[in-house]
Amino acid sequence: MLMKLPRWGFWCECWTENLTEQGPLALVASFDAYSAPQADRWVAIALETISPALDVDASSAAWEWMYDGRIDTRRALLRAEPCTVSLTHVSTRITWTIQPVLFLPLAHRQGTEHPACAHDFTPHPEE
């Protein structure tokens, strides 16, 4: 999305962690949301999608958040507070994070004159 002015929104991420092996967290997905409802809907859709494959405890935790915890998440997001939703399936912890952010506009490269130094760059030949 091309923006002209900075815009408030939410940066959403989904991470997994193997609880039996020590290793780095794995980023599974990320999403830029421009409203609190859009941000918590991203988590809700993910939970609805994976809940049939989760074990009983994880599935119960997912549906509990969707019925009871989601409203608290939405209220926190409306106050511009970061939120986390997490559940554990067998030996994997899945965590969704939502952070309030200020999205900065990107410079549009078409139809603008580049500074003189931009023409000094010579790419390295491919080997």
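Higher on the page you've got the structure.
All chains use their own residue numbering, which begins from 1 and follows the written sequence. Local features in this predicted model are restricted to residues of pLDDT 70 or higher, and side-chain atom pairs are both shown and tallied only at a pLDDT of 80 or more, whereas totals for entire chains, interfaces and linings draw on every residue. Computation of side-chain values covers all heavy atoms of the structure but excludes hydrogens and water.

Novice: Help me out: how do you make sense of the overall build of the protein in this one?
Specialist: Here a helix means four or more residues in a row that DSSP labels H or I, a strand means two or more in a row labelled E, and each is numbered from the N terminus. The number of helices and strands found in the protein is two helices and four strands. Reading the helices (α) and strands (β) of the protein from amino to carboxyl end gives β-β-α-α-β-β. For the exposure calls, accessible area comes from a 1.4 Å probe over protein chains only, and a residue counts as buried if that area is under 20% of its type's maximum, exposed if over 50%, partly exposed in between. Burial statistics for the protein: of 127 residues in total, 28% are counted as buried. Any two residues whose heavy atoms approach within 4.5 Å at even a single point are treated as in contact. A sequence separation of at least 24 residues applies to 62% of the contacts in the protein between residues at least 6 apart. The Shrake-Rupley method, run with a 1.4 Å probe sphere, supplies the accessible areas, and residue values consider only the shown protein chains as cover. Surface summary for the protein: the accessible area is close to 9100 Å², and the carbon and sulfur share equals 56%.

Novice: Is there a simple way to explain the side chain of T97 in this structure?
Specialist: Within the secondary structure, T97 is located in strand 4 (residues 92-103). In contact with T97, not counting residues within four places along its chain, are W11, C12, E13, W15, C83 and T84.

Novice: Even after reading the chapter, I still don't get the pairing of strand 4, so can you show me in this structure?
Specialist: For a regular strand, the rule is simple: side chains alternate between the two faces of the sheet. Summarising the sheet, strand 1 (residues 7-18) and strand 4 pair through 12 bridges and their orientation is antiparallel. Bridge pairing in strand 4 links W8 to L102. A pair of strands is labelled paired if DSSP reports no fewer than 2 bridges between them. Turn length for the strand 3 (residues 83-89)-strand 4 hairpin, with the two strands adjacent in sequence and antiparallel, is two residues, and the turn residue V90 shows positive phi of about 55°.

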